[in-house]
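# Remarks on the overall topology
Each chain, letter by letter, is given below.
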Amino acid sequence: MSALFTPLSLGPLTLANRVVMAPLTRCRADADHVPTDIMAEYYAQRAGAGLIVAEATMVMEGNSAFNGREPGIYSPAQVAAWKKVTDAVHARGGLIWLQLWHGGRACHPYFNGGAQPVAPSALAITGDHTHTPEGPKPYVVPRELSDDELPGIVEGFRQAAENAKAAGFDGIEIHGANGYLLDEFLRDGVNKRTGPYGGPVENRARLLLEVTDAVCTVWDKKQVGVRISPLNSYNDMIDSDPVGLTRYVAAALGERGIGYLHLMRADILGVQKSDTDIVAVAREAFQGVLVVNVGYTREEAEAAVSTGKLDAVAFGHQFISNPDLAERLRHGKELSLPDTTTFYTHEARGYIDYPALSAA
């Protein structure tokens, strides 16, 4: 049997295969950040993945960064709506985790009642802009969080973990990647603060680890994952030592015994590169399940799993237009290409209308 389609134990759970659906922001929640009925159908269509990681979801009100239409998990209405999603996935035999997220400096006043975004340091995202109904708008300079505000951030994640459990998820993934708040603290290109949360990597990783410890009081530690992207320059990010960052964070998370580390192995924009294989670094430092993402073909994914370089591969955009991606990969079927113009719209078109192929 293909290694990619062997079961994988993840604490109390057993994944039917090692094809993971990466978290994909699609902006189909309503204006109050409540998941919609088409979201339940969308995720249910993709229940053949060994594990679905649902999209970046706001842990606290007032931190929108995606067209004002990303989902939240802080209100009773949101919890109830997510319960429809998890029920739909479970009805089709799938497993689904929720990615908990704070947008940090990538948030924009336009979507948050004029509120200034927050970050580890007062540095704006440069070289890019956010998209609004009024057209593109530049990112603003965020407000630097004080140390005494950070326990409130940790509590926001902890409460969101409680809410995710009430919504019927099978686990949670902490979003420590792609230039959002926890990643902003991790990387020295953005974190310029002093004190216990700035300076050496041990301090910069403190907030992520405090969040991890907090959510592990809510969930079995094996039902907690963390995603990091030490090389990804998206959202104007960089780090002076991505290899050292990977090694430290992976080891610290390994000591905590969490279920998985989800590693983005490369820069999706091709700016920051490494002469060292960060997948190998993470594999050596982290003893749990290693999930890796970015640019895998079926053949490379199969080879990586079969040789033990990693335990599962997360596929992103392929899942948008191939709801039955796992079966297509299993049977060597052709993959459909997505319509990029519908990635962040709010309609069913380009979302739940991609057909599945018969595996026969």
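Reference entry: report on the structure contained in this document. (Residues numbered from 1 in each chain as written. Predicted model: local features only at pLDDT ≥ 70, side-chain atom pairs only at ≥ 80, totals over all residues. Heavy atoms only, no water.)

### Overview of the environment of Ser64
- Mapping Ser64 onto the fold places it in the loop between β4 (51-58) and α2 (76-91).
- Between the C-alpha atom of Ser64 and that of Gly288, which follows or precedes it by 224 residues, the distance is 32 Å.
- Within the structure, the side chain of Ser64 is placed 2.7 Å from the side chain of Glu70, a separation counted as a polar contact. (Helix = DSSP H or I, 4+ residues; strand = E, 2+ residues; numbered from the N terminus. Polar contact = N/O pair within 3.5 Å; in protein donor to acceptor, adjacent residues only side chain to side chain.)

### Details of the nonpolar core
- Grouped together as the largest cluster of nonpolar side chains are 90 residues, with contacts concentrated most on Tyr43, Trp82 and Ile174.
- Examining the composition of this core, we find that 7 residues originate from one element, helix α3 (residues 150-166), more than from any other.
- When residues no more than four places from it in sequence are discounted, the contact partners of Ile174 are Leu100, Phe157, Leu182, Leu208, Val211, Thr212, Val215, Val224, Gly225, Val226 and Arg227.
- Formed by 15 residues, the second largest nonpolar core is a distinct cluster that contains Leu8, Leu13, Leu51 and Val289. (Core = buried A, V, L, I, M, F, W, Y, C linked by side-chain atoms within 4.5 Å. Buried < 20%, exposed > 50% of the residue type's maximum accessible area, 1.4 Å probe, protein only. Contact = heavy atoms within 4.5 Å.)

### Examining the environment of Glu134
- Along the chain, Glu134 falls in the loop between β7 (129-132) and β8 (135-138).
- Taking the C-alpha atoms as reference points, Glu134 and Tyr110, 24 residues apart in sequence, are found 9.7 Å from one another.
- A polar side-chain atom of Glu134 sits 3.2 Å from a polar atom in the side chain of Lys137.

### A closer look at unusual backbone geometry
- Although it is not a glycine, Asn235 sits at a positive phi angle of roughly 65 degrees.
- Among the structural elements, Asn235 can be located in the loop between β11 (224-228) and α7 (242-256).
- Even without being a glycine, Asp236 presents a positive backbone phi close to 60 degrees.
- Tracing the sequence through the fold places Asp236 in the loop between β11 and α7.
- Residue Asp236 is classed as partly exposed on the basis of its relative accessible area of 34%.

### Comments concerning α2
- Over its 16 residues, α2 extends 22 Å from the first C-alpha to the last, a length consistent with the 22 Å expected when each residue adds 1.5 Å.
- Every buried residue of α2 is accounted for by Gln78, Val79, Ala81, Trp82, Val85, Thr86, Ala88 and Val89.
- Buried-residue contacts for α2 involve α1 (37-45), β4, β5 (96-101) and α3.
- Backbone geometry just after α2 places Gly93 at a positive phi near 85 degrees. (Expected span 1.5 Å × (residues − 1).)

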